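Analysis of the macromolecular model
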Amino acid sequence: MNEQISALLDDEIALEDAAHLISAVLKSKDAAQVWSHYHLIGDTMRGNAVLSQHFKQNLMQKIEIEPTVLSPNAALVNQVAKVKDANRLPTSWAIAASFAAVMVIGFMLLNQETNRGNELAPTEVAQADINKDAAADDGIPAEYLNAHQASAPSASAYYIQTVSY
Amino acid sequence: MVFISQRLIAGLFAIAGLLIILLASVSAQANADDDMWQVLQKAAVAAHALSYQGIFYYQAGTQSKPIQITHMFNGQGEFARNVVLDNTPREVFSQGGDLTIFNPKNENVVIEKRHGQNMFPAILPTNLDLIKQSYSLRLGEPDRVAGRPAQMLFLDSKDSLRYSYRFWVDVQYGLLLKSVMLNSSNEIIESIVFNQLGLMDTVDLDWFQPKIDSKKNYVMEDEVVIIADNGVPVGWSLKGLPSGFRKVDQMIRMVHGKSLPVTHLVFSDGLASVSLFIEPLSKSIKPRTGHKSVGGTSFYSSVSNSYQITVVGEVPEATVAQVANAVVFKK
């Protein structure tokens, strides 16, 4: 099935012979996913040739250069856009907030459990936290290392898994 | 009288003869130097222009990874696939300087886009002028790597601002077979060495596609917003950069966890790269000062004129410190 989808995308199966395949893709959730994955992979592999490396940079720069229209209506539109932006932000915050909540609950549970086990636990937990901070401080900050390697990749950036957030 | 003049003439001849020998040896020395750089130049070109496949080992610190490489030049373009042969098979595809990395992470395969043209064995730039300023080359012994005869070359750093290298070049193909990076105490920081290598006699591109795992989700990495920077610094300038390092890139980017955009400059001496980040301090960010060195990578951060300055690069600690101190704020 997957091979047939791949063949269809590669133009190895004629469209008129693929009616059953397309209906299968439409019916099966798994097949639909394979279909979209293959498209994504194909687009990124081919995408190299389609868009120039600085396409996004150039586009962002062009947008920056665009003159701002000074009319009350334009200002209103901008305001609406800003409100929309403000509305958009919380989605990422929501994830961060829920992650933070999980962390807090996890920490509370951990505290409770260690408390039950040992009277001296709170100081131990605090100690462990200090150690953890020190350990996190040990390496090179990942955010800068990743930014450096994205713009000036070295051998380690190619072959060794980079830190994920 | 006649006798004396004869001796004089003989003496003059002897001096002239010596001079000729001396000049010849000087030019022979220059020729030998040129020949050595030619070997390196050939290695730089061969890595891009030949079609080959093999397996090499990347080693740094405690990390050691076998990597399978397939590289092809079909007359029009350059295609390469690098597969890290471990339990999380990372696949790196390059087409010219454009890279697409398939990076398995748990139930996902993250697709990352990068730009770079210095993947082994193509670690040398095809223009060696910048390297000649900061490194000197001397001949080593003939050796064997991956069962193939190789010529060893020392690329020594002229100062303590960068690491030194040893290269083993295939006598027949001209390809780089082995590269070792060393610090000033001659300790190996990183080594990359072919275990097996052969030339390819095909222009078929069948292999230039990822192995797709249908059980995984394929997702694009979150793209980082990067704005090209025209390079006119506002409020600061650079003075006293480490010798041999040139600015090769400048941009404004978002850095993970930072709310404000960061100015990012990249410097290179032809082999080693250093990144300089300059950002205004804000209340939400704790200022950071200090330095670290992990493997061959050094890090330095300082605060100056309410700006956070951060430098990262595959260079000794003194070099990142010098780059950070080269940022001068206008009064």
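Cut-offs applied
- Residues numbered from 1 in each chain as written.
- Chains lettered and ligands numbered in written order.
- Predicted model: local features only at pLDDT ≥ 70, side-chain atom pairs only at ≥ 80, totals over all residues.
- Helix = DSSP H or I, 4+ residues; strand = E, 2+ residues; numbered from the N terminus.
- Buried ≥ 20, exposed ≤ 12 C-beta atoms within 10 Å, placed from the backbone.
- Contact = placed C-beta atoms within 7 Å.
- pLDDT = per-residue confidence, 0-100.
- Pairing = 2+ DSSP bridges.
- Domains from an automatic or database assignment.
- Nonpolar A, V, L, I, M, F, W, Y, C, P; charged D, E, K, R; others polar.

1. Details of the overall build of chain A
The secondary structure content of chain A amounts to nine helices and zero strands. The linear arrangement of helices and strands in chain A, starting from the amino end, is α-α-α-α-α-α-α-α-α. Across the 165 residues of chain A, 15% fall into the buried class. If you take every contact in chain A between residues at least 6 apart in sequence, the share linking residues at least 24 apart comes to 30%.

2. Here's the deal with the confidence of the model for chain B
On average, residues of chain B carry a pLDDT of 89, and 95% of them reach 70 or more. Of the two predicted TM-score estimates for the complex, the pTM is 0.72 and the ipTM is 0.85.

3. As for the pairing of strand S19 (residues 297-304) of chain B
All names here are of chain B. In the sheet, strand S18 (residues 290-294) pairs with S19 via five bridges, with the strands oriented antiparallel. Each residue of the ladder has a partner; that of Ser-293, found in S19, is Ser-298. From the end of S18 to the start of S19, which pair antiparallel, there are two residues, and Gly-295 there has a positive phi angle of about 60°. In the sheet, S19 pairs with strand S20 (residues 307-313) via seven bridges, with the strands oriented antiparallel. Bridging from a neighbouring strand, Ser-298 pairs with Gly-313 of S20.

4. As for the domain arrangement of chain B
Residue and element names in this part refer to chain B. Domain boundaries in chain B define domain 1 (45-220) and domain 2 (226-329). Each of domain 1 and domain 2 has a C-alpha centre, and these two points are 27 Å apart. The partner domain 2 presents 14 residues to the 17 residues of domain 1 that form the contact. At the level of elements, helix H2 (129-134) and strand S11 (188-199) are the ones that each hand at least two residues to the side of domain 1 that touches domain 2. Taken together, the residues of the side of domain 1 that touches domain 2 break down into eight nonpolar, six polar and three charged.

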